[in-house]
Amino acid sequence: MVTSTLPKEGKTTLAYNNAKSWHEVGENVLLLDGDMRKSRIKEYLNMETNLGLTHVLQGKGRVTDAIMEDPATGLQILLAGEPTLESTALLEKGRFVALLEELKRSYDRIVVDTPTYGAIADATIIAGSCDGVVLVVEEDRTKIEDAAKVIDQLGEIRAELIGVVLTKATLPENLNMQASYYNL
Ligand SMILES: Nc1ncnc2c1ncn2[C@@H]1O[C@H](COP(=O)(O)OP(=O)(O)OP(=O)(O)O)[C@@H](O)[C@H]1O
Ligand SMILES: [Mg+2]
């Protein structure tokens, strides 16, 4: 799963791009939108359905019917669905754990996009069912003490931090990517 300490640090962009890359190299990948309060993936991808995690967790439909294909890439996506303020309660019910276990049997890799860690419990609950957590930090914005706190909290629930990704970084002016590539 992908999370971060603040809104707009680039979680969804990273989750989508990584899922898309794994899909492109032939993995059987699912992008799961776990931001049930204010998901933007549907709008980002111009998808037209209200089906998604919310109604599956509400017991209103089957997950297999709710999984969509990104029209641009063919990537399989379980959208968040109808926005709900009850997301924490829905995730807590245990149905999410069972759902993820079921999905893990069908996919090589599941990339879960989540909201900011800590403000609401959703990302913490999701972390408890994921095999690893990627923490997004934004250059000149994320506070190191906030990132350290999330890393401590992940340790407390025995979630495995598998990486930290720096977003919106400015490359040094003297770094010529093309030259470095050809000089390898
Ligand atoms: N690595 C990046 N470099 C530059 N801009 C980026 C990067 N990642 C994301 N952005 C831009 O930052 C904005 C927020 O991105 P995104 O929606 O992925 O963040 P988020 O952390 O998922 O936000 P939210 O907390 O609302 O879910 C978007 O305008 C996106 O295009
Ligand atoms: Mg997001």
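Residues numbered from 1 in each chain as written. Chains lettered and ligands numbered in written order. Predicted model: local features only at pLDDT ≥ 70, side-chain atom pairs only at ≥ 80, totals over all residues. Heavy atoms only, no water.

Identification of the chain as non-specific protein-tyrosine kinase from Alkalibacter rhizosphaerae is taken from an unreviewed UniProt entry. As recorded by UniProt, the Sequence similarities (unreviewed entry) comment attached to the chain reads in full: "Belongs to the CpsD/CapB family." Under Catalytic activity (unreviewed entry), UniProt gives the following word-for-word description of the chain: "L-tyrosyl-[protein] + ATP = O-phospho-L-tyrosyl-[protein] + ADP + H(+)". (UniProt positions renumbered as here; feature names shortened; annotations may be inferred.)

Student: Teacher, can you tell me more about the site of ligand 1 here?
Tutor: In the neighbourhood of ligand 1, the contacting residues comprise Pro-7, Lys-8, Glu-9, Gly-10, Lys-11, Thr-12, Thr-13, Asp-35, Lys-38, Tyr-44, Thr-167 and Lys-168. Between ligand 1 and Lys-11, the relevant distance is 2.8 Å, taken from an oxygen atom to a side-chain nitrogen or oxygen of the residue. Here an oxygen atom of ligand 1 sits 2.9 Å away from a polar atom, N or O, in the side chain of Lys-168. Partitioned by chemical class, the residues of the shell around ligand 1 number two nonpolar, four polar and six charged. (Near = heavy atom within 4 Å. Polar contact = N/O pair within 3.5 Å; in protein donor to acceptor, adjacent residues only side chain to side chain. Nonpolar A, V, L, I, M, F, W, Y, C, P; charged D, E, K, R; others polar.)

Student: Can you help me understand the side chain of Ser-87 in this one?
Tutor: Among the structural elements, Ser-87 can be located in helix α5 (residues 87-92). By relative accessible area, Ser-87 is classed as buried at 0%. A polar contact is formed between the side chain of Ser-87 and the side chain of Asp-122, at a distance of 2.5 Å. Sequence-distant contacts of Ser-87, that is, excluding residues within four places in its chain, are made with Met-36, Arg-37 and Asp-122. (Helix = DSSP H or I, 4+ residues; strand = E, 2+ residues; numbered from the N terminus. Buried < 20%, exposed > 50% of the residue type's maximum accessible area, 1.4 Å probe, protein only. Contact = heavy atoms within 4.5 Å.)

Student: I tried to follow unusual backbone geometry on my own but got confused; where do I start?
Tutor: Excluding glycine, residues mostly have negative phi values, and the peptide bonds linking residues are mostly trans. The phi torsion at Arg-158 lies on the positive side, around 60 degrees, for a residue other than glycine. Within the element layout of this structure, Arg-158 appears in the loop between α8 (144-156) and β7 (161-167).

Student: Just checking my understanding: could you explain the pairing of strand β5 (residues 109-113) for this structure?
Tutor: In the case of a regular strand, side chains alternate between the two sheet surfaces. A large share of β5 lies buried, amounting to four of its five residues. As paired strands, strand β2 (residues 29-33) and β5 are joined by five bridges and run parallel to one another. Paired with Leu-30 across the bridge in β5 is Ile-110. (Pairing = 2+ DSSP bridges.)

Student: For this particular structure, what's the right way to read the pattern of salt bridges?
Tutor: Close approach of charged atoms allows side chains with opposite charge to pair. One pass over the structure, following the stated rule, counts six salt bridges. A salt bridge links Glu-27 to Arg-109; the shortest N-O distance between them is 2.8 Å. Within this pair, whereas Glu-27 is found in the loop between α1 (11-24) and β2, its partner Arg-109 is found in strand β5, the two being separated by 82 residues in sequence. Glu-27 gets classed as partly exposed once you look at its relative accessible area, which sits at 21%. Judged by its relative accessible area of 30%, Arg-109 is partly exposed. Here Asp-65 and Arg-62 are joined by a salt bridge, their closest N and O atoms 3.4 Å apart. For Arg-62, a relative accessible area of 55% translates into the label exposed. Within this structure, Glu-101, Lys-104 and Asp-131 form a network of salt bridges that share partners. (Salt bridge = Lys/Arg side-chain N within 4 Å of Asp/Glu carboxyl O.)

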